[in-house]
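Okay, here's what each chain looks like letter by letter:
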Amino acid sequence: MWQVDTNGGLQFEVNRSNGDVSSLVFNGVEYQGTSKASGINSGLGTSQVSAETTSDKYIKITVKANSLPITQYYVAKPDDPTIYMGTYITGEVDPGELRWFARLRQSILPTGVHGDVGNTIGSTAFEGSDTFRCSNGQTRCKMYTSDRFIDDQIHGVSGSNVAVWMIMPGTVYETSAGGPFMRDINSQTSSDQELYWYMNSGHVRTEPKGDQPSADLDTSFFGSLSIQGYVPAAQRSTVSGSASGVPTEFETVVHWYNDKSQYWTKASNGAFKSPVMKPGTYTMKLYKGEFEVTKDTVTVTTGSDTKKDVASAEPNPSVVWRIGNFDGKPLELKNGDKIERMHPSDTRMGTWGGTYTVGQSSARDFPMALFSKVGGTATVNFNLASNQVRDLTGGRPSVAIGSWTGKDPGAPTLIDSRGVTRGAYRGYGEVYNWTVPASALKTGQNTLTLGVYGSGDSKFLSANYIVDAVDLQGPTAS
């Protein structure tokens, strides 16, 4: 074993044969779990593992896997209870996931990310092997511990006066997949407490629980350590400008990506500046919350800030009524405040389907998802004045008003993963529109019925869709 003492309370060991982290001792207490070691995926297997001291103070351990396209680095600084890490990969790994996770002692660190949402102890699997039900009807899944990448620079697990943190500073997500709103597993509580950083679908600090450490971790010293793939700030640049057209009540997000890298930032008072980016040409997107409102391109060159303004191109039609907000998130709708942390069948969920009456109901009365085999349809009751009885547009699949039924828009592009039952609500952002003929409408009360085209499996695994917002476009009453 390579044994490292940071002189900051943390000692750790790295296996000389395979690069596994086999011991994590902080202030004399062993936190490494008892079932398996910590490391990349299920382990790198036989590897070339070397250790050296650089700049007379940094300890660098290099792990080059023999059968995988991965080089993993572990770096220690004097008087700092942190393991700094770098992962360099030149190809895909089986099963297509790249994650580093610490397997820790659950008896000492019982509380996972977002509390017990990923704690499967004493529960029974009911959907696949990763979604569980407790005896009280509550549900658990490791996916419920996830957060959006744009918000997730630090997460941790904790116990009595101690916590272990995974810190993802700066541009750490630049070669991950999925964009700013991607979410993935952060922890799972079972016989061990597992703390994750998913790179494709970090740093570990162990210190007194107290205040959460800063996510602004300085890794610039990596430039002196010969870390493969590391690009220092001097070889990068930024994009700055103004983002306009997004109403102030919504989060304004700017996103850059190409086939090699991705970056994002939130605008403040309409102004933005990107993280330091690698040179190249990027697609540039503007989001109202998580709803894409325009797209452009920009070229970044080394050493100079690129100025690039961006403006929303979202249409602003006249609407008779609207339920929810077109912001890419269903959180304001019924059960939307719970879906990230529990299964749709959880006893804490409200009913699905239901009736919404324009002018009387609130967004919380309209379901954030509809399923073909459970929960029923959603209906919207609304009144029209005589000047509003004309051909109108609006809705989501499937739709019917009176004797009129909207055409099946066809199946959307399938995402090869369970979504809503694992706490996810994002798709590809399809927007569906139908023209409602005047003959289907009448002065006075009308009813819109929304259901689901498609079949699928049973109950909450049946064909379904997430609702962002629903509106009926047309003139105001006169």
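Keep in mind it's a predicted model, so treat the numbers as computed, not measured.

A. Inspection of the overall build of the protein chain at higher detail. A count of helices and strands for the protein chain gives zero helices and 37 strands. By the compact-globule yardstick of 23 Å for 478 residues, the protein chain fits well, its C-alpha radius of gyration being 25 Å. Principal-axis analysis of the C-alpha atoms places the extent of the protein chain at approximately 85 × 60 × 40 Å. In the form shown here, the protein chain has an accessible surface area of approximately 20,800 Å², with 46% of it arising from carbon and sulfur atoms.

B. Spotlight on the packing of aromatic side chains. Throughout the structure, instances matching the rule amount to 20 aromatic pairs. Here the aromatic rings of Tyr-263 and Tyr-282 are separated by 5.9 Å at their centres, their planes lie at 70°, and the arrangement is edge-to-face. With Tyr-263 in strand E21 (residues 262-266) and Tyr-282 in strand E23 (residues 280-288), the pair connects residues that are 19 residues apart, well separated along the chain. For Tyr-263, a relative accessible area of 2% translates into the label buried. Accessibility expressed as a relative area gives 1% for Tyr-282, which makes it buried. Among the aromatic residues, those joined into a ring-pair cluster are Tyr-58, Tyr-84, Phe-221, Phe-222 and Tyr-230. Its guanidinium or amino end placed over the ring of Trp-2, Arg-16 lies 3.6 Å from that ring's centre, counting from NZ or CZ. When the ring centre of Phe-250 is taken as reference, the NZ or CZ atom of Lys-288 above it lies at 4.6 Å.

C. Inspection of the nonpolar core at higher detail. Core analysis: the largest hydrophobic core is formed by 43 residues, its most contacted members being Phe-12, Tyr-74, Trp-100, Leu-104 and Leu-195. Of all the secondary structure elements, the ones that give two or more residues to this core are strand E2 (10-14), strand E3 (21-26), strand E7 (58-65), strand E8 (70-76), strand E9 (82-89), strand E10 (98-105), strand E15 (162-167) and strand E17 (192-200). The element best represented in this core is E10, accounting for four residues. With residues near it in sequence (within four places) discarded, Tyr-74 still touches Val-14, Gly-19, Val-21, Gly-39, Ile-59, Lys-60, Ile-61, Val-63, Ile-83, Tyr-84, Met-85 and Trp-100. Listed in part, the 35 residues of the second largest apolar core include Ile-323, Tyr-356, Val-436 and Leu-448.

Calculation criteria
- Residues numbered from 1 in each chain as written.
- Predicted model: local features only at pLDDT ≥ 70, side-chain atom pairs only at ≥ 80, totals over all residues.
- Heavy atoms only, no water.
- Helix = DSSP H or I, 4+ residues; strand = E, 2+ residues; numbered from the N terminus.
- Rg over C-alpha atoms; globule rule 2.2 N^0.38 Å.
- Areas by Shrake-Rupley, 256 points an atom, 1.4 Å probe, with all protein chains shown as cover.
- Phe/Tyr/Trp six-rings, centres within 6.5 Å; stacked < 30°, edge-to-face > 60°.
- Buried < 20%, exposed > 50% of the residue type's maximum accessible area, 1.4 Å probe, protein only.
- Lys NZ or Arg CZ within 6 Å of the ring centre and 35° of its normal.
- Core = buried A, V, L, I, M, F, W, Y, C linked by side-chain atoms within 4.5 Å.
- Contact = heavy atoms within 4.5 Å.

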